[in-house]
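# Chain and residue survey
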Amino acid sequence: MSAAEIAARSPSEQAGEAESKGRRTRRRILEAARRTFGELGYERATIRAIAAEAGVDKSSVIQYFGTKQQLFRESLDFCVDVGSLADDDPGRSAENYLRAMLERWGTAPDGPMAVLLRTSLTSEEAAQMLREHVTSEAIDQIAPGVSGPDARLRAALAGAVMFGITVHRHLLRMPDLAEADLDDVLRLAVPLVRALLDAEAAAP
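What this report covers is the structure whose coordinates are included nearby. (Residues numbered from 1 in each chain as written. Predicted model: local features only at pLDDT ≥ 70, side-chain atom pairs only at ≥ 80, totals over all residues. Heavy atoms only, no water.)

## Describing the overall build of the chain
Secondary structure summary: the chain contains 13 helices and 0 strands in total. Ordered by position from N to C terminus, the α and β elements of the chain give α-α-α-α-α-α-α-α-α-α-α-α-α. Classification of the 204 residues of the chain by burial places 39% in the buried group. When contacts within the chain are restricted to residue pairs at least 6 apart in sequence, long-range pairs at least 24 apart make up 61% of them. When the accessible surface of the chain is totalled, it reaches about 11,400 Å², and 53% of it is carbon and sulfur. (Helix = DSSP H or I, 4+ residues; strand = E, 2+ residues; numbered from the N terminus. Buried < 20%, exposed > 50% of the residue type's maximum accessible area, 1.4 Å probe, protein only. Contact = heavy atoms within 4.5 Å. Areas by Shrake-Rupley, 256 points an atom, 1.4 Å probe, with all protein chains shown as cover.)

Given below as structure tokens:
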């Protein structure tokens, strides 16, 4: 496109093109960050390495994300849409939640969420990020749909059970869980999760 053609475009058209290019650059940086964090871990990954992987300047990464911590937070793509999975039937909700977690983690066993979990064992910064992520993306979303007493505690326990199963199956690769058919895992584990989510089922 010639300089004259570019100049002939309206300000709104030029702004739209710049915004589109910005979105593409931002997405490319995020994708590069996920790969880099997955390969190097949180501590060893640097903004310079992520910029090189994305094919952009270091300043571009800082412009779009500010800090490595903020970039890492945004690269965490292990978010389950709890609202769309919740059901009036606690048993169905329990199955939806657990299936979504297992399937989502199964597609990215070495993604940023796995990196965050590993790093949280030795880094308080990563541990705090993990606490905030799990609380906002799981407990805060599940608790409102839990009726009866101790709703948040039961939501937290349900989250711990589902998270533990997911970690053992896809991160630690414990043989009995890793090799089991997903339907068999759900058949045996869903009643445990439902007992925590359903006040009537949890009643003695």
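The discussion continues.
## Looking at a positive patch on the surface
On the surface, a cluster of positive charge is made up of K21, R24, R27 and R28. Within the secondary structure, R27 is located in helix α2 (residues 11-44). By relative accessible area, which is 47% here, R27 ends up partly exposed. (Patch = residues over 30% accessible without salt bridge, like charges linked within 9 Å, V, L, I, M, F, W, Y side chains within 5 Å. Salt bridge = Lys/Arg side-chain N within 4 Å of Asp/Glu carboxyl O. Lys, Arg positive; Asp, Glu negative; His and termini not counted. Charge placed at Lys NZ, Arg CZ, Asp CG, Glu CD.)

## Quick notes on the environment of S147
Here S147 lies in the loop between α9 (124-142) and α10 (151-170). Here S147 falls in the partly exposed class, since its relative accessible area comes to 47%. In sequence terms S147 and L197 are 50 residues apart; their C-alpha atoms lie 7.8 Å from each other. When sequence neighbours within four positions are dropped, the list of residues in contact with S147 reads R154 and A199.

## A look at unusual backbone geometry
Backbone geometry at D150 places phi at a positive 55°, although glycine is not the residue there. Its place among the elements puts D150 in the loop between α9 and α10. On the accessibility criterion, D150 (52% relative accessible area) is exposed. Non-glycine residue R173 carries a positive phi angle of around 55°. Looking at the element boundaries, R173 is found in the loop between α10 and α11 (175-178).

## Here's the deal with the packing of aromatic side chains
With the rule as written, the count across this model stands at 4 aromatic pairs. On the basis of an interplanar angle of 20° and a centroid distance of 6.1 Å, the ring pair of F37 and Y42 is categorised as stacked. Each of the two residues, F37 as well as Y42, counts as buried. Taking the centre distance of 6.0 Å and the plane angle of 70° together, the rings of W105 and F163 count as edge-to-face. Taken together, the positions of W105 in helix α7 (residues 90-107) and F163 in helix α10 put the pair 58 residues apart, joining distant regions of the chain. Judged on exposure class, the residue W105 and its partner F163 are both buried. Every member of this aromatic cluster is reached through a ring pair, and the members are F37, Y42 and F72. In this structure, K68 is placed above the aromatic ring of Y42, and the distance from its NZ or CZ to the ring centre is 4.5 Å. (Phe/Tyr/Trp six-rings, centres within 6.5 Å; stacked < 30°, edge-to-face > 60°. Lys NZ or Arg CZ within 6 Å of the ring centre and 35° of its normal.)

## Re α9
Taking 1.5 Å per residue as the helical rise, α9 with its 19 residues ought to reach 27 Å, and the 26 Å between its terminal C-alpha atoms agrees with that figure. If you look at α9, its biggest bend is around 40°, right at T135. Where α9 is concerned, the buried positions are A126, A127, M129, L130, H133, I139 and I142. Residue S123 occupies the N-cap position of α9, its side-chain oxygen lying 3.4 Å from the main-chain nitrogen of E125. (Expected span 1.5 Å × (residues − 1). Bend = angle between axes of the 7 residues up to and from the residue. Polar contact = N/O pair within 3.5 Å; in protein donor to acceptor, adjacent residues only side chain to side chain.)

## A word on helix α12 (residues 182-197)
For α12, built from 16 residues, the straight-helix expectation of 22 Å at 1.5 Å per residue is met to within 8% by its first-to-last C-alpha distance of 21 Å. Along α12, the largest kink reaches about 35° and is centred on A189; proline P191 follows within four residues of it. By the burial criterion, the buried members of α12 are L182, V185, L186, A189, V190, V193, L196 and L197.

Take it as geometry only, folks, not as evidence of what the structure does.
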